[in-house]
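Report on the structure
The chain contents come next:
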Amino acid sequence: MSLIHLLKMSGLRPKKGLGQNFLVDDGIAEQIAEAAWAQAQGPLVEIGPGIGSLTLPLLRRAQQVWAVEQDAALLPLLRTRTEGLGQLVVEQGDALLVDFRQWAERLGRPLTIVANLPYHVSTPILFHLLAQGAAVGAMILMFQKEVAERIAAPPGGKTYGILSVHSQLWMAVEPLFAVPPKAFYPSPKVDSSVIRLVRRAAPLAQVDDPDFFRLVVRAAFGQRRKTLLNALKVIDPSPEAWLSRADIDPQRRGETLAVVEFVRLANVR
Ligand code: SAM
């Protein structure tokens, strides 16, 4: 029976407010599960399993999957569909409130996170996952295409920004493949992309003060068209000496700075 039919038979309607665009293309679900399995050094954790489009192929490979799903109404169908396939441990709740460091500690290994993320909270969830430090070893995540491009962007272009710097500092980011709207029910109006983020053995550079680093990155991209000399004035009214200590041309724009240059800039302040 098709997933759409199954949803209807179960009296379930996709909830827009929870970003419920269910994957209905089995081939793509297999591809994502395979990418996650190839990467998995530790427990597989799915965010937002929904009614199991990814969970089924994940369980077939790993036999054990941990998950967090916000919508309690989906859990009975998820349980029925995954019965006999292995062990699925689902916590009902908001992924943004989950302390994945505790999960990694309990399970004894860094987690591999896999998700077809609800688009409305995909960026906060990514930041939340980045904040879990070494507890998250790898992530295979589906985003709206434009967001995936921003995460993976190199310096110098329009798409390079806060998301790119914070993701790439800690993770090696690689775009995997594109997913068209017709792969989902209901079809979103946007294209999607799957990316892989693998935690580096060490960050690209050591950040002395993470809060100040975040402030510098935010200021540099706050007004993208400004030179650093002007953009950094929100932190230092005359940033010439600071930029000179960092050996960075004050006429450059934030979007031209490599991740390691952002770290240098923040560290020499
Ligand atoms: N993994 C399923 C699939 O691929 O068909 C569902 C993906 S759907 C895009 C997003 C899923 O995340 C939904 O099941 C939704 O209920 C759930 N969700 C939304 N917000 C969430 C949150 N903050 N924490 C955990 N799950 C959430």
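Keep in mind it's a predicted model, so treat the numbers as computed, not measured.

Conventions used here
Residues numbered from 1 in each chain as written. Predicted model: local features only at pLDDT ≥ 70, side-chain atom pairs only at ≥ 80, totals over all residues. Heavy atoms only, no water. Helix = DSSP H or I, 4+ residues; strand = E, 2+ residues; numbered from the N terminus. Contact = heavy atoms within 4.5 Å. Pairing = 2+ DSSP bridges. Axes fitted to C-alpha atoms, helices over the stretch in contact; angles between N-to-C directions. Domains from an automatic or database assignment. Buried area = accessible area lost by both parts, 1.4 Å probe. Salt bridge = Lys/Arg side-chain N within 4 Å of Asp/Glu carboxyl O. Phe/Tyr/Trp six-rings, centres within 6.5 Å; stacked < 30°, edge-to-face > 60°. Buried < 20%, exposed > 50% of the residue type's maximum accessible area, 1.4 Å probe, protein only. Near = heavy atom within 4 Å. Polar contact = N/O pair within 3.5 Å; in protein donor to acceptor, adjacent residues only side chain to side chain. Areas by Shrake-Rupley, 256 points an atom, 1.4 Å probe, with all protein chains shown as cover. 1 Å grid on protein atoms, 1.4 Å probe; cavity = no way out; pocket = protein on both sides within 12 Å on 5 of 7 lines; lining within 4 Å. Sits in = over half its atoms within 2 Å of the grid points. Nonpolar A, V, L, I, M, F, W, Y, C, P; charged D, E, K, R; others polar. Core = buried A, V, L, I, M, F, W, Y, C linked by side-chain atoms within 4.5 Å.

Some words on the side chain of Ser122
Here Ser122 lies in helix 6 (residues 122-130). Not counting residues up to four positions away in its chain, the partners in contact with Ser122 are Leu117 and Phe143.

Some words on the sheet that holds strand 9 (residues 192-199)
Reading across from one edge, 4-3-2-5-6-9-7 is the order of the seven strands in this open sheet, with mixed pairing throughout. With partners counted over all chains shown, the strands left at the sheet margins are strand 4 (87-92) and strand 7 (171-179), one partner each. Between one strand axis and the next, the sheet turns through 20° on average, direction left out of account. Where helix 4 (residues 75-82) meets the sheet, its contacts fall on strand 3 (64-69) and strand 4, and the angle it forms with strand 4 comes to roughly 175°. Across the face of the sheet, helix 8 (residues 162-170) comes into contact with strand 7 and strand 9 while running at roughly 120° to strand 7.

Things to note about the domain arrangement of the chain
Accessible area lost when the parts come together is the quantity often used to give the size of an interface. On domain assignment, one finds that the chain holds domain 1 (3-199) and domain 2 (210-267). Computed from C-alpha atoms alone, the centre-to-centre distance between domain 1 and domain 2 is 33 Å. With eleven residues of domain 1 in contact, the opposing surface of domain 2 contributes 14 residues. Buried area between domain 1 and domain 2, summed over both chains or domains, comes out near 930 Å², and the portion from carbon and sulfur atoms is 72%. At the surface where domain 1 touches domain 2, the tally comes to zero salt bridges.

Points about the packing of aromatic side chains
In total, this model carries four aromatic pairs according to the counting rule given. Between the aromatic rings of Phe100 and Trp103, the centroid separation amounts to 5.3 Å while the plane-to-plane angle is 70°, which identifies the pairing as edge-to-face. Of this pair, Phe100 and Trp103 both sit in helix 5 (residues 100-107), three residues apart, which is roughly one turn of that helix. With a centroid separation of 5.5 Å and an interplanar angle of 40°, the aromatic rings of Phe221 and Phe262 are classed as tilted. Of this pair, Phe221 sits in helix 9 (residues 210-222) while Phe262 sits in helix 12 (residues 259-268); the two residues are 41 residues apart in sequence, bridging distant segments of the chain. In this pair, the class of Phe221 matches that of Phe262, namely buried.

Quick word on the pairing of strand 5 (residues 111-116)
Most of strand 5 sits inside the fold, with six of its six residues counted as buried. Residues Leu111, Ile113 and Ala115 of strand 5 are buried on one face, and the alternating residues Thr112, Val114 and Asn116, pointing to the opposite face, are buried as well. Both strand 2 (residues 44-47) and strand 5 contribute to a ladder of three bridges, which runs parallel. Bridging across to strand 5, Glu46 finds its partner in Val114. The pairing of strand 5 with strand 6 (residues 136-144) spans six bridges and is parallel.

What about the site of the ligand?
Surrounding the ligand, one finds 22 residues, the nearest of these being Leu23, Gly48, Glu69, Asp94 and Ala95. Gln20 places a polar side-chain atom, nitrogen or oxygen, 2.9 Å from an oxygen atom of the ligand. Note that an oxygen atom of the ligand is positioned 2.8 Å from one of the backbone N or O atoms of Leu23. With the chains in place, 99% of the 590 Å² that the ligand exposes on its own is no longer accessible. Structurally, the ligand is housed in the largest pocket. Counting residues per element, the ones that place at least two in the shell around the ligand are strand 1 (22-23) and strand 3. Taken together, the residues of the shell around the ligand sort by class into nine nonpolar, nine polar and four charged.

Looking at the environment of Pro188
Relative to the elements of secondary structure, Pro188 occurs in the loop between strand 8 (184-185) and strand 9. Judged by relative accessible area, which is 12%, Pro188 ranks as buried. Leave out the neighbours within four places in its chain, and Pro188 touches Asn21, Tyr119 and Pro181.

Some remarks on the nonpolar core
Ranked by size, the top nonpolar core spans 30 residues in total, and within it Ile47, Phe100, Ile113, Met139 and Leu141 carry the most contacts. Put simply, the parts of the chain that give this core at least two residues each are strand 2, strand 3, helix 5, strand 5, helix 6, strand 6, helix 7 (145-152) and strand 9. Here Leu141 is in contact with Ile113, Val114, Ala115, Leu117, Leu126, Leu129, Ser193, Val194, Ile195 and Leu197, once residues within four sequence places are set aside. Of all hydrophobic cores here, the second largest spans 27 residues; its members include Leu78, Leu88, Val114 and Ile140.

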